[in-house]
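# Observations on chain architecture
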Amino acid sequence: MTTITTHYINGEFVESHGRELMDIIKPTNGQVIARVTLGDEEDTRRAIAAAKRAFSSFGRTTKDERLRYLRQLHKAVSEHIDDLTAVMIEEYGGVARFARLIVESGVSAFAAAEKALQELPLRENWGKTTVTLEPVGVAGLITAWNANALFICLKLASAIAAGCTVVLKPSEMSSLQTRAMVEALHEAGLPKGVFNVVTGLGTVVGAEMVRNPDVAKISFTGSVAVGEQIMRDGAATMKRVTLELGGKSPTIVLDDAVLDKAIPAALILAFLNSGQACAAGTRLLVPKNRLDEVKRTILDEMRNYTVGDPADPNIMVGPMVSQKQYERVESYIRKGVEEGAEVLVGGEGRPKGLEAGFFVKPTVFVDVKNNMTIAQEEIFGPVLSVITYDSEDEAIRIANDSKYGLHSAVMGTDLERARRVASRLRAGRVVINNMSDDPQAPWGGFKYSGVGREYGRYGIEAFLEPKAILE
């Protein structure tokens, strides 16, 4: 069994001051595979002090120097893609086909930030006025457990590109993944104190980062409740914040869509990362007059959504990350039935033969009304709600009838019409006819899906402050 007792502070792995222990549970069988010593407020203050010292010089680096550091980070992490993928499968239960994409997306974040920084003017002049974009200072990065490698690399890349130093608090549930990532990042040879990591509870390590006056910026990915707390507590020291808080994303299938193409694409959106994804398209809006055809297509396609060992490349859905998450998803499935929705496929209980792990059945509900709990709350599991509409306007109204606004999708043959519908959706990102990505496009949400944006120049600008000098 692996034992982790250190944090990464000032360029070194140092023994934890905190003494609380936590077990890491393998989600496929419920067995303990590691034990982690969690950091405390003192560990966090040491990391913040190291980042503050490093910022006095790193904050004055040139664009060319930061570009070089980004290239070093990219090279270092690129050499560990296989290891990082394997530990994500082992600790988190991410299915092999998706885990590798997550890791590769994280690695590519450094190259994407390099490209964005090259194109981002950090100095502008007119008349006798000069405006420079200055790094905000020490940045606190707080990341979630469902895509550890991506979140760490994405936030770190943007912060380094801006000239900020960093204290990272990853999810304590991702301790093995974090250790593998930090060992890879250490090989990049960043100056001491530029990048620091303390693994611990959000109520301890995260809270100290949010209230500490030496931290200028918090970039957080996680729940709405914690995001609200960060905004409240961070206001006392005027923290700059970027918050990515999840979603209840709609996929609109227009009446001219080819269902044999649209439904498979919609199911991929719904069940990506075993449904444990903030962008998951968990509300499927379909024309009422095509519902029977939609149901038949879903039933046919769901035969491909096998559940099991995430290391098997043929498996589409792995376990939930923990017993707690398993129980949460099961409770929503029960709630859907209680509120009158019909289970088309899936339902309560573990799949046959998978009783030892935190596995749930991929579940599709029909006869769902948009005001039902399963259509309004983020479940974070493989549960899809099918909702019918009569007109294009009604589809748009239903899609926007949510407190979230992170991601949306439109499926249809007439691209001009699909673009028109996309333009009316209140979401930070909308894809048309497939799950597309662009590492330079902004990522973030409207409404309760958060504040600010990540990726590309938008992510770098979130770590910068404009300063005007007038002669």
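Here the structure is a predicted model, which is why all the values come from computation and not from measurement.

### So, the packing of helix α4 (residues 96-119) against helix α5 (residues 148-162)
The contact between α4 and α5 brings their axes to 7 Å, and the two run at 15 degrees. With respect to each other, α4 and α5 are oriented roughly parallel. Our pair here, α4 against α5, has a crossing hand that is right-handed. Contact residues: I102, V103, S105, G106, V107, A109, F110, A113 and L117 in α4; A149, L150, C153, L154, L156, A157 and A161 in α5.

### As for the packing of aromatic side chains
One pass over the structure, following the stated rule, counts six aromatic pairs. Look at F58 and Y69: their rings are 5.6 Å apart centre to centre, the planes differ by 40 degrees, and that puts the pair in the tilted class. Here F58, found in helix α1 (residues 41-58), pairs with Y69, found in helix α2 (residues 63-78); they are 11 residues apart in sequence, far enough to count as distant. Here the aromatic residues Y8, F13 and F195 are joined through ring pairs into a cluster of three or more. One residue, K217, lies across the ring of F463, its end atom 5.1 Å from the ring centre. Directly above the aromatic system of Y448 lies the positively charged group of K403, at a separation of 5.3 Å from the ring centroid.

### Focus: the environment of F446
Take F446: it is sitting in strand β21 (residues 446-447). Residue F446 is classed as partly exposed on the basis of its relative accessible area of 24%. As a C-alpha pair, F446 and R426 span 20 residues in sequence and 6.6 Å in three-dimensional space. Beyond its immediate chain neighbours, meaning those up to four positions away, F446 contacts Y404, G405, R426, A427, G428 and R453.

### As for the nonpolar core
One finds F110, I160, L185, F195, L284 and I298 to be the most contacted residues of the largest nonpolar core, which totals 102 residues. Top element by residues in this core is α5. It accounts for 12 residues. Beyond its immediate stretch of four places on either side in the chain, F110 contacts L70, L73, H74, V77, C153, L156, A157 and L185. In terms of nonpolar packing, the next biggest core, distinct from the first, is built from 29 residues, L254, I379, I387 and A395 among them.

### Observations regarding the pairing of strand β5 (residues 32-37)
On a regular strand, one side chain projects to one face of the sheet and the next to the other, so that they alternate. Looking at chain direction, strand β1 (residues 2-4) and β5 are connected through three bridges and run parallel. Bridge assignment links T3 to a residue of β5, and that residue is R35. Note that strand β4 (residues 21-25) and β5 share five bridges and pair antiparallel. Across the sheet, the residue bridging to D23 is R35, located in β5. Taking the residues between adjacent antiparallel strands as the criterion, β4 and β5 are bridged by six residues, where G30 takes a positive phi near 75 degrees.

### Examining the packing of α5 against helix α6 (residues 175-186)
Where α5 meets α6, the closest approach of the two axes is 10 Å, and the angle between their N-to-C directions is 40 degrees. As judged from the angle between their axes, α5 and α6 are oblique. The chirality of how α5 crosses α6 is right-handed. From α5, N148, A149, I152, C153 and L156 reach across to α6, where they touch Q177, T178, M181 and L185. Of the residues in the contact of α5 with α6, the class split is six nonpolar, three polar and no charged.

### A word on the side chain of K155
Along the polypeptide, K155 turns up in helix α5. The buried category is assigned to K155, whose relative accessible area is 1%. Only 2.9 Å separates the side chain of K155 from the side chain of S219, close enough to count as a polar contact. The residues touching K155, leaving out its near neighbours within four places in the chain, are L141, I142, T143, S219, F220, T221, E454 and F463.

### A word on the state of the cysteines
One pass over the structure, following the stated rule, counts zero disulfides. Between C164, a cysteine without a disulfide, and C153, which holds the nearest cysteine sulfur, the sulfur-to-sulfur distance is 17 Å. Cysteine C278 remains unbridged, with the sulfur of C153 as its closest cysteine sulfur at 16 Å.

Cut-offs used in this document
- Residues numbered from 1 in each chain as written.
- Predicted model: local features only at pLDDT ≥ 70, side-chain atom pairs only at ≥ 80, totals over all residues.
- Heavy atoms only, no water.
- Axes fitted to C-alpha atoms, helices over the stretch in contact; angles between N-to-C directions.
- Helix = DSSP H or I, 4+ residues; strand = E, 2+ residues; numbered from the N terminus.
- Parallel < 35°, antiparallel > 145°, perpendicular 65-115°, else oblique.
- Left-handed = near helix turned anticlockwise from the far one by under 90°.
- Contact = heavy atoms within 4.5 Å.
- Phe/Tyr/Trp six-rings, centres within 6.5 Å; stacked < 30°, edge-to-face > 60°.
- Lys NZ or Arg CZ within 6 Å of the ring centre and 35° of its normal.
- Buried < 20%, exposed > 50% of the residue type's maximum accessible area, 1.4 Å probe, protein only.
- Core = buried A, V, L, I, M, F, W, Y, C linked by side-chain atoms within 4.5 Å.
- Pairing = 2+ DSSP bridges.
- Nonpolar A, V, L, I, M, F, W, Y, C, P; charged D, E, K, R; others polar.
- Polar contact = N/O pair within 3.5 Å; in protein donor to acceptor, adjacent residues only side chain to side chain.
- Disulfide = S-S within 2.5 Å.

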